[in-house]
Amino acid sequence: MTLLIINSLIETLIAWAHHTVNFWWGCTMVSAECQGCYVEEAMTKKHLNFNVVRLTSPAQWDKPYRLNHSAAQLGKCGLVFTCSYSDFFHKAADRCRSKAWQIIRECTNLVWIILTKRPERINECLPDDWGNGYPNVWLGTTVGVKDSYPRLDHLRAIPCALRIISIEPLLQSLDDIDLTGFSWLLVGGMSGPTWEQNRMEIRWAAELYEKSRAYPNLAYFYKQSSAYRSECGIDGLGRYLNMLDDDGTFALIREVPPTPIPMLPLSINKGHRFTDEQWKRYHTTNSSTNGSESAFSPESLVQIQDASQEVAK
Ligand code: SF4
């Protein structure tokens, strides 16, 4: 029975969360990190206008209560990627957000991870009783290029339980980034149709890892290398740094910050590792060639389509 409940809470393919909840979907692009957005890809395949933000079904809005109940039964919490098919702080959702906040507030056995590319809007969108932040809400912003650094200051100005920098996709070296005030770094290369033109150099991820070690309370999560599919080359940083796990495999550098109540088990091994041949191609190929394409190209965006089925329900 316990195993069944846990399995029902680990449905997302994203390794740093147990689940996704989407109150609305659709979005508009705001910066370089939006290139190749999987939401656009998924909605276009359904002949939906990606730029129209629309509410999801009542089933999606009920889903958090079910997840919360299951986690509470075990005395645990689950990590929820909130609005993975939109931006929680998109202006077009302003009229609907108060109901979403209510659900978030009530579901205290869920840790709501809210990542936005619009942190300048957070302050005007917070609920009246926000105070120093709901203990079960972690706010994050995306920075994949230096031009996005101002987002970090916007988020630093917001009181909250925990701040995240989502460095996905990492599109250039961020060697001078200021990590002060943040507790979790999510780092990864681009996936989707434009990954080849936007390949992440692993040394950029390594720079961030080395930098993060100067902050004792900063967890680092290497999500993936660049590939058509997401969650591929998950051992890329371990290979680059030549770090091994106890079993002799290249390390997955996937740290998670402490949660307010104990967390359900997270499938930290989720994803595809490089073979030695694939790694050689990735590591020795520069971005103007397609040397690593064969590493992962047989797979397409099937998993993205699958996830969008659920959002659309
Ligand atoms: S903010 Fe996120 S969901 Fe919106 S267009 Fe950019 S990448 Fe896509």
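Residues numbered from 1 in each chain as written. Predicted model: local features only at pLDDT ≥ 70, side-chain atom pairs only at ≥ 80, totals over all residues. Heavy atoms only, no water.

## Quick look at the pattern of salt bridges
Threshold: Each reported salt bridge corresponds to a side-chain nitrogen of Lys or Arg within 4 Å of a carboxyl oxygen of Asp or Glu. Labels follow the DSSP assignment, with helices taken as runs of H or I lasting at least four residues and strands as runs of E lasting at least two, numbered in each case from the N terminus. A 1.4 Å probe rolled over the protein chains alone gives each residue an accessible area, and that area as a share of the maximum for its type sets the label: buried under 20%, exposed over 50%, partly exposed in between.
Taken as a whole and assessed by the stated rule, the structure comprises 22 salt bridges. Among the ionic pairs, lysine 45 bridges to glutamate 41, the shortest N-O distance being 3.1 Å. Placement of both lysine 45 and glutamate 41 in helix α2 (residues 38–45) is noted, with a separation of four residues, approximately one turn of the helix. For aspartate 94, the salt bridge is made with lysine 91, and the minimal N-O distance between the two is 3.7 Å. By relative accessible area, aspartate 94 is classed as partly exposed at 29%. Judged by its relative accessible area of 57%, lysine 91 is exposed. One salt-bridge network, in which partners are shared between bridges, spans Lys91, Asp94, Arg97, Arg121 and Glu124.

## Some words on the site of the ligand
Going by this rule: Being near a molecule or strand, for a residue, comes down to having at least one heavy atom within 4 Å of it. In the scheme used here, Gly and all other residues not listed as nonpolar or charged are polar, with Ala, Val, Leu, Ile, Met, Phe, Trp, Tyr, Cys and Pro taken as nonpolar and Asp, Glu, Lys and Arg as charged.
Every residue close to the ligand is listed here: Cys27, Thr28, Met29, Cys34, Cys37, Val39, Phe50, Ser86, Lys117 and Arg118. Of the residues assigned to the shell around the ligand, the class counts are six nonpolar, two polar and two charged.

## A look at the packing of helix α3 (residues 58–73) against helix α4 (residues 97–106)
A packed helix pair is summarised by two numbers, namely the angle formed by the two axes and the spacing between the axes. The condition that has to hold: Note on geometry: axes are lines fitted to C-alpha atoms, helical ones only across the stretch in contact, with angles between N-to-C directions running from 0 to 180 degrees. Throughout this description, any angle smaller than 35 degrees is read as roughly parallel, any larger than 145 degrees as roughly antiparallel, any in the 65 to 115 degree range as roughly perpendicular, and the remainder as oblique. Here, two residues are considered to be in contact whenever any of their heavy atoms come within 4.5 Å of each other.
It is at 10 Å that the axes of α3 and α4 come closest, and there the two elements cross at 5°. Looking at the two axes, α3 sits roughly parallel to α4. Facing α3, whose interface residues are Trp61, Pro64, Tyr65 and Asn68, α4 presents Lys99, Ala100, Ile103 and Glu106. Residues of the contact of α3 with α4, tallied by class, amount to five nonpolar, one polar and two charged.

## Observations concerning the confidence of the model for the protein chain
Under the convention used in this document: You can read pLDDT as the predictor saying how much it trusts each residue, on a scale of 0 to 100.
Taken over all residues, the pLDDT of the protein chain has a mean of 89, while the share at 70 or more is 87%. Overall, residues 1–10 carries pLDDT values under 50, and its contacts beyond four positions in sequence, including any with other chains, amount to 20 contacts.

## Examining the pairing of strand β7 (residues 162–167)
As a reminder, the rule being used: Two strands make a pair as long as DSSP finds a minimum of two bridges between them. The crossover handedness rule: strands pointing away from the viewer, path from first strand over the helix to second strand clockwise, crossover right-handed.
Within β7, six of the six residues are buried, leaving the element largely enclosed by the surrounding structure. Side chains Leu162, Ile164 and Ser166 project from β7 onto one buried face, and the interleaved Arg163, Ile165 and Ile167 project onto a second face that is buried too. Alignment of strand β6 (residues 137–142) against β7, held across five bridges, turns out to be parallel. From the neighbouring strand, threonine 142 faces β7, where its bridge partner is serine 166. For the handedness criterion, the β-α-β arrangement of β6, helix α6 (residues 150–156) and β7 is classed as right-handed. In this sheet, strand β8 (residues 184–188) lies alongside β7 in parallel orientation, the contact comprising four bridges. Paired with isoleucine 165 across the bridge in β8 is leucine 185.

## A few points about the sheet that holds β7
What links the strands of a sheet is backbone hydrogen bonding, and the strands pair in either a parallel or an antiparallel sense. Strands sit in the order β1-β4-β5-β6-β7-β8-β9 across an open sheet of seven strands; the sheet is parallel. Unpaired on one side and paired on the other, β1 (19–21) and β9 (219–224) mark the two borders of the sheet. Taking each pair of neighbouring strands and ignoring which way they run, the sheet shows an average axis angle of 25°. On top of the sheet, α3 reaches β1, β4 (78–82) and β5 (110–116); it is set at about 145° to β1, its chief contact.

## Some details on α2
The condition is simple: Think of it as the arc spanned by the lines of direction from the helix axis to the C-beta atoms.
Turning to α2, its buried residues are Val39, Ala42 and Met43. For α2, the arc enclosing every buried residue in end-on projection is 95°, short of the 170-degree limit, so these residues lie on one face. Following α2 by one or two positions, histidine 47 adopts a phi angle in the positive range, close to 60°.

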